[in-house]
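Below are the chains, spelled out letter by letter.
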Amino acid sequence: MIKRWQKLLNLINRLIDLVLILLSYLAAVYLWLIVIRKDTSNIALTFLHSGWVAFTIAFAIVILYQLAGLYDSIRGKPVGHNVKRVLLLNAVASLAGAALLYVLRLEDFSRGVIAFFYIISSGSVLAKRLSLRYFLSKYRSKGYNLKHVLLIGSGPLAQSYVNTIARYPRYGYMIDGYIGRSSTLSGAQYLGTWAKTGSRQLAKAGLDEVVAALDLNELSLLPKIIAAAEKHGAKVSIIPYCNDYIPSSTTLESIGGCKLLNARTVPLDDPGNALMKRLMDIVGSAVLIVLTSPVMLAAAIGVKLSSPGPVVFKQQRVGKNKKLFMMYKFRSMRVNAEEDTAWTKHDDPRKTKFGSFIRKASIDELPQLFNVLKGDMSLIGPRPEIPHFVDQFKETVPLYMLKHLGTC
């Protein structure tokens, strides 16, 4: 039943998002131009202009959602999985739209509309998705829309799977029974050994998935289980015997005939995610550099007049994949010998008066936008640290170096 309706439901899901995003843009145009600006003569209010723009934006964002995997099954995934991706993708689309308006000088299309569009579209899409998630959770908790599972295994791994399914009924899994060497599991019906009942159970109608949760001493059964499942057209999922030692973000890689479980994957390992984040960094940093250029000019003059030395302070930092780069800041201290081995204190005597001001206002950080544009850093990500402190922290802070797997 689930397989029969899944494609239709996915198509409806995409169409609803398309309509919501399209209406969000039209609502943003109405609110900004009519309610706030009272500009009833603006050409952007005509359907010929706003209609095609709304459809183009909606179609592009739905494609982005598709590439980011937002239409994949959400069973078992945390709530934040969709929320973060929707906000990020909508931000990318909105920033790209704002940059396009600036480059093409399309004065009829206001940047205020883009800001309202981001808020309305993000809110409406998330409200739909969270409502759907809530409805499905309640629906499944009452025994509907269930995935029927045949569990193979009778050891600790199998028991852990049974306990997890019992603890989270909202995920919508139903264990029809388990096959194993003994009837030791609690919370599921014992169906017998693999030799006696395996093929017969796989042939039953209504089976959605076979889950193999074999202990190390049972792995010899795995080829037989996979072959039998494929013979009967059943989907097979395998819980690895090293399950307790790998995180949930693990991915599978293939080198020739060898399959590798990557225990420390990050979202940016996905080319689509990396491309979207890089586009957001390029567009976002470029727009912010233009908008803050008067502030940076004033800060540069102030630094030059405050004390002898360069306007821009360059310091080596550790970035993605432990690559060293020079990070830019407006100089806020007098030139000193401890700039690469000591943090700044609140009442640090090395700071100039102007330096204290730009630090409080975070103006000294603005040149880092050029680091973002170059690809040294990201608008969103962990702060890159001085090599001196990285060497210290990696010995004292657990998993500290893992942050360098992402984009700093």
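Residues numbered from 1 in each chain as written. Predicted model: local features only at pLDDT ≥ 70, side-chain atom pairs only at ≥ 80, totals over all residues. Heavy atoms only, no water.

Participant: Would you mind going over the overall build of the protein with me for this structure?
Facilitator: If you tally the helices and strands in the protein, you get 11 helices and 9 strands. Here the protein holds 408 residues, and 39% of them are scored as buried. Taking contacts inside the protein between residues at least 6 apart in sequence as the whole, the part at least 24 apart equals 67%. Element-wise, carbon and sulfur atoms account for 64% of the exposed surface of the protein, whose accessible area totals about 23,400 Å². (Helix = DSSP H or I, 4+ residues; strand = E, 2+ residues; numbered from the N terminus. Buried < 20%, exposed > 50% of the residue type's maximum accessible area, 1.4 Å probe, protein only. Contact = heavy atoms within 4.5 Å. Areas by Shrake-Rupley, 256 points an atom, 1.4 Å probe, with all protein chains shown as cover.)

Participant: Explain the pairing of strand E4 (residues 209–212) here, please?
Facilitator: Both faces of E4 are covered, namely the face carrying Glu209 and Val211 and the face carrying Val210 and Ala212. Relative to E4, strand E1 (residues 147–152) is paired through 4 bridges, and the arrangement is parallel. Residue pairing across strands places Val149 opposite Glu209, the latter belonging to E4. Of the pairings in the sheet, the one linking E4 to strand E5 (residues 236–238) comprises 3 bridges and is parallel in character. Paired with Val211 across the strands is Ser237, a residue of E5. Taken together, E4, helix H7 (residues 222–231) and E5 constitute a β-α-β crossover, and its handedness is right-handed. (Pairing = 2+ DSSP bridges. Right-handed = clockwise from strand over helix to strand, strands pointing away.)

Participant: Quick question: what am I supposed to make of the packing of aromatic side chains here?
Facilitator: Any pair of aromatic rings gets described here by the distance separating the centres and the angle formed by the planes. This structure, assessed with the given rule, holds 6 aromatic pairs. Centre to centre, the rings of Trp32 and Phe116 are 5.8 Å apart; their planes meet at 50 degrees, and the pair counts as tilted. One end of the pair, Trp32, is in helix H1 (residues 2–36); the other, Phe116, is in helix H4 (residues 111–141), and 84 residues separate them in sequence. The class of Phe116 is partly exposed, set by a relative accessible area of 24%. (Phe/Tyr/Trp six-rings, centres within 6.5 Å; stacked < 30°, edge-to-face > 60°.)

Participant: Sorry, what's going on with the environment of Val210 here?
Facilitator: Inspection of the secondary structure assignment puts Val210 in strand E4. For the pair Val210 and Tyr178, spaced 32 residues apart in sequence, the C-alpha separation works out to 9.8 Å. The contact partners of Val210, leaving out residues within four places of it in the chain, are Leu150, Ile152, Leu202, Ile225, Ala234, Lys235, Val236 and Ser237.

Participant: So what exactly am I meant to see when it comes to the pattern of salt bridges here?
Facilitator: Two side chains with opposite charge may pair up if their charged atoms get near one another. Counted under the stated rule, the structure contains 6 salt bridges. Among the ionic pairs, Arg383 bridges to Glu365, the shortest N-O distance being 3.7 Å. You can see Arg383 sitting in the loop between helix H10 (368–374) and helix H11 (387–396) and its partner Glu365 sitting in the loop between helix H9 (353–360) and H10, a full 18 residues away along the chain. Through salt bridges with shared partners, a single network forms among Lys329, Asp364, Glu365 and Arg383. (Salt bridge = Lys/Arg side-chain N within 4 Å of Asp/Glu carboxyl O.)

Participant: Would you mind going over the nonpolar core with me for this structure?
Facilitator: Generally speaking, nonpolar side chains in soluble globular proteins are found buried as a group. If you look at the biggest cluster of nonpolar residues, it comprises 23 residues, and the most contacted ones within it are Ile21, Tyr25, Tyr65, Val86, Leu89, Val113 and Phe117. Breaking this core down by element, the ones donating at least two residues are H1, helix H2 (47–67), helix H3 (79–104) and H4. At 7 residues, the largest contribution of residues to this core is made by H2. Dropping the residues within four chain positions of it, Val86 is found in contact with Tyr65, Leu70, Val125, Leu126 and Arg129. By size, the runner-up hydrophobic cluster in this structure holds 15 residues, among which are Ile152, Leu214, Leu222 and Ala234. (Core = buried A, V, L, I, M, F, W, Y, C linked by side-chain atoms within 4.5 Å.)

Participant: Is there a simple way to explain the environment of Asp176 in this structure?
Facilitator: Mapping Asp176 onto the fold places it in strand E2 (residues 173–179). Taking the C-alpha atoms as reference points, Asp176 and Leu191, separated by 15 residues in sequence, lie 9.2 Å from one another. Aside from chain neighbours lying at most four places away, what touches Asp176 is His148, Val149, Gln189 and Leu207.

Participant: Honestly, the confidence of the model for the protein in this entry has me stumped. Any pointers?
Facilitator: Parts of the model with low pLDDT should not have their predicted coordinates read in detail. The predicted model of the protein has a mean per-residue pLDDT of 81, with 83% of residues at 70 or higher. Across the protein, the secondary-structure element scoring lowest on mean pLDDT is strand E6 (residues 251–255), at 76, and the one scoring highest is H10, at 93. (pLDDT = per-residue confidence, 0-100.)

Participant: What am I meant to see in the sheet that holds E2 here?
Facilitator: Across a sheet, paired strands are connected by hydrogen bonds in the backbone, their directions being either parallel or antiparallel. Pairing within the open sheet is parallel, and its 5 strands lie in the order E3-E2-E1-E4-E5. This sheet does not close on itself; its edge strands, each paired only once, are strand E3 (190–192) and E5. Pairwise comparison of adjacent strand axes, ignoring direction, gives a mean angle of 30 degrees for this sheet. Sheet analysis places E1 next to E2, joined by 6 bridges and oriented parallel. Looking across to E2, one finds that His148 is bridged to Met174. Against the sheet, helix H5 (residues 156–167) engages E1, E2 and E4, with an angle of about 155 degrees to E2. (Axes fitted to C-alpha atoms, helices over the stretch in contact; angles between N-to-C directions.)

Participant: Would you explain H5 in this entry?
Facilitator: Since the α-helix advances by 3.6 residues per turn, residues separated by three or four positions end up pointing in the same direction. An ideal rise of 1.5 Å per residue puts 16 Å on 12 residues; H5 measures up with 16 Å between its terminal C-alpha atoms. Looking at the buried positions of H5, the neighbouring elements they touch are E1, E2 and E4. (Expected span 1.5 Å × (residues − 1).)

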